[in-house]
Amino acid sequence: MKKKLLIALAMCMALGTACGKEEVEEEKTARSVEVMTVGKGEIASQFAYTGKAAAYRQVSIVPTVPGKVTDFNFDVGDEVTQGAVLFTVDTTDLNNNLRAAEAGYNVAKLARDNAKNTYENNKLLFDEEIISKAEFDQIKYGYEAAEAQLASTQVQLDTLRKSIGDCTVTSPLTGVVTQRTVEIGGFASAAAPAYVVMDLSKIKVEVGVSETVLNTIKIGDKVDVTMTAVSELPLEGTVSTVSPAAGQTGMYTVKIELDNSKGLIKSGMMAEVNFTAESAEDTIVLPRNSVITKDDETYVYVVKGGVAKKVMVELGIEAADTIEITKGLKDGDDVVTKGQTYISDGEEVNVVNADVEEKAETKEKTTDKKEEKGE
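All values derive from a computational prediction rather than experimental measurement. (Residues numbered from 1 in each chain as written. Predicted model: local features only at pLDDT ≥ 70, side-chain atom pairs only at ≥ 80, totals over all residues. Heavy atoms only, no water.)

*Asks:* Where do I start with the pairing of strand β19 (residues 334-338) in this structure?
*Replies:* Taking burial as the measure, the 5 residues of β19 include 4 buried ones, the bulk of the element. In terms of strand pairing, strand β1 (residues 31-37) meets β19 through 4 bridges, oriented antiparallel. The partner of Thr37 across the bridge, within β19, is Asp334. (Buried < 20%, exposed > 50% of the residue type's maximum accessible area, 1.4 Å probe, protein only. Helix = DSSP H or I, 4+ residues; strand = E, 2+ residues; numbered from the N terminus. Pairing = 2+ DSSP bridges.)

*Asks:* What exactly am I supposed to notice about unusual backbone geometry here?
*Replies:* Both trends apply: most residues other than glycine have a negative phi, and most peptide bonds are in trans. Positive phi, close to 55 degrees, is recorded for Asp282, a residue that is not glycine. With respect to the helices, strands and loops of the structure, Asp282 is situated in strand β13 (residues 270-287). Of note, Asp296 is a non-glycine position whose phi angle comes to about 60 degrees, a positive value. Within the fold, Asp296 resides in the loop between β14 (292-294) and β15 (297-304).

*Asks:* Help me out: how do you make sense of the sheet that holds strand β3 (residues 67-72) in this one?
*Replies:* Working definition: the strands of a sheet are paired by backbone hydrogen bonds and lie parallel or antiparallel to each other. Read across the sheet, 4 strands follow the order β6-β5-β3-β8 without closing on themselves; strand pairing throughout is antiparallel. Each edge of the open sheet is held by one strand with a lone partner, namely β6 (168-170) and β8 (187-188). Strand direction decides the pairing type here: strand β5 (residues 85-89) and β6, joined by 3 bridges, are antiparallel. Each residue of the ladder has a partner; that of Phe87, found in β6, is Val169.

*Asks:* Explain the packing of aromatic side chains here, please?
*Replies:* What characterises a pair of aromatic rings is the spacing of the ring centres plus the angle enclosed by the ring planes. All chains considered together, the criterion is met by 8 aromatic pairs. Between Phe87 and Tyr195 the ring centres are 5.9 Å apart and the planes differ by 15 degrees, which places this aromatic pair in the stacked class. Taken as a pair, Phe87 in strand β5 and Tyr195 in strand β9 (residues 195-209) lie far apart in primary sequence, 108 residues in all. Like Phe87, the residue Tyr195 is buried in the burial classification. Pairwise contacts between aromatic rings join Tyr119, Phe126, Phe136 and Tyr143 into one cluster. A cation over a ring is seen here: Arg180 above Phe72, with NZ or CZ 4.2 Å from the ring centre. Lys202 extends its terminal NZ or CZ atom over the ring of Tyr56, reaching a point 4.2 Å from the ring centre. (Phe/Tyr/Trp six-rings, centres within 6.5 Å; stacked < 30°, edge-to-face > 60°. Lys NZ or Arg CZ within 6 Å of the ring centre and 35° of its normal.)

So, in structure tokens, the structure goes:
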């Protein structure tokens with residue numbers, strides 16, 4: 001009897017345990033990812049170097065004849081044209097010397113004319129053997145000396161006249177005055193520039209580039225020049241010179257010219273020059289971080305029907321934040337751009353970016369309408 005009771009109790013306990021046990025089925029949650037829909041775009045591989053804007057041409061002007069400044073016509077910031085008179089130097093002493101030289105010239109010319117007449121008259125006598133060769137040679141020498149003296153006096157006159165002309169100092173180019181040091185009554189000489197004039201109609205930017213990129217740059221190439229002080233958008237420059245020899249720093253000098261007809265660029269402004277090594281248009285471009293390279297494989301994840309599929313790709317041009325895909329993808333593919341490092345091939349995923357969800361909803365509604373119409 002006791003044995004039967006124990007068996008019955010054990011059965012009840014077993015039944016009670018079985019009845020109270022609930023089977024818990026673990027709910028599997030799909031990982032959330034963000035995707036972008038593949039489309040065609042453009043990409044360029046660029047490298048940037050920093051330089052400073054400088055005038056296309058710059059001239060420091062000094063008087064060839066030192067002296068006291070009697071007048072000046074332009075100040076800093078003024079525009080000047082080629083040939084415009086910048087300032088003048090006192091010519092009083094030079095004019096006095098010129099008058100003395102002119103008088104000396106007249107005397108020398110008179111002496112030369114007399115010597116010439118004497119020479120011509122005595123040449124006839126010498127030809128008739130009326131005078132000796134020694135006498136004629138003496139007369140000839142006197143004539144040649146008078147000619148030389150007249151020529152010397154003429155040189156003095158020309159030099160003085162040029163010096164007087166040089167006392168009126170003109171601009172050798174059209175540009176803008178960026179420096180003036182002369183004052184009326186002050187002394188101007190070659191020791192320091194009296195004026196500095198810059199041609200700012202064009203600007204040049206010099207940068208030093210490394211040997212690794214030098215051969216990708218050619219004269220005539222168009223480049224983007226960023227000057228935030230002038231424009232938020234890049235300016236277009238043209239490569240004008242490429243140095244064939246490295247400087248002391250081991251860098252090669254490249255000069256870029258920019259149009260400055262509006263006068264917005266000033267000398268000394270900082271500039272960043274962006275050279276394009278290679279570029280492509282109408283190609284598939286993805287964010288760099290969406291591409292995974294692991295175990296000698298390069299791939300992305302493409303979402304189809306809520307499932308992530310591993311797709312092998314081949315790469316092309318690499319830019320700062322983007323990369324070209326030359327093989328493996330097509331227009332319309334949804335590529336995972338966030339969360340791709342945590343998923344695996346064939347895994348169900350949940351797309352969370354709104355634009356893709358909206359596109360999916362639109363596609364679903366379109367499908368439903370077609371079904372309603374029996375299409």
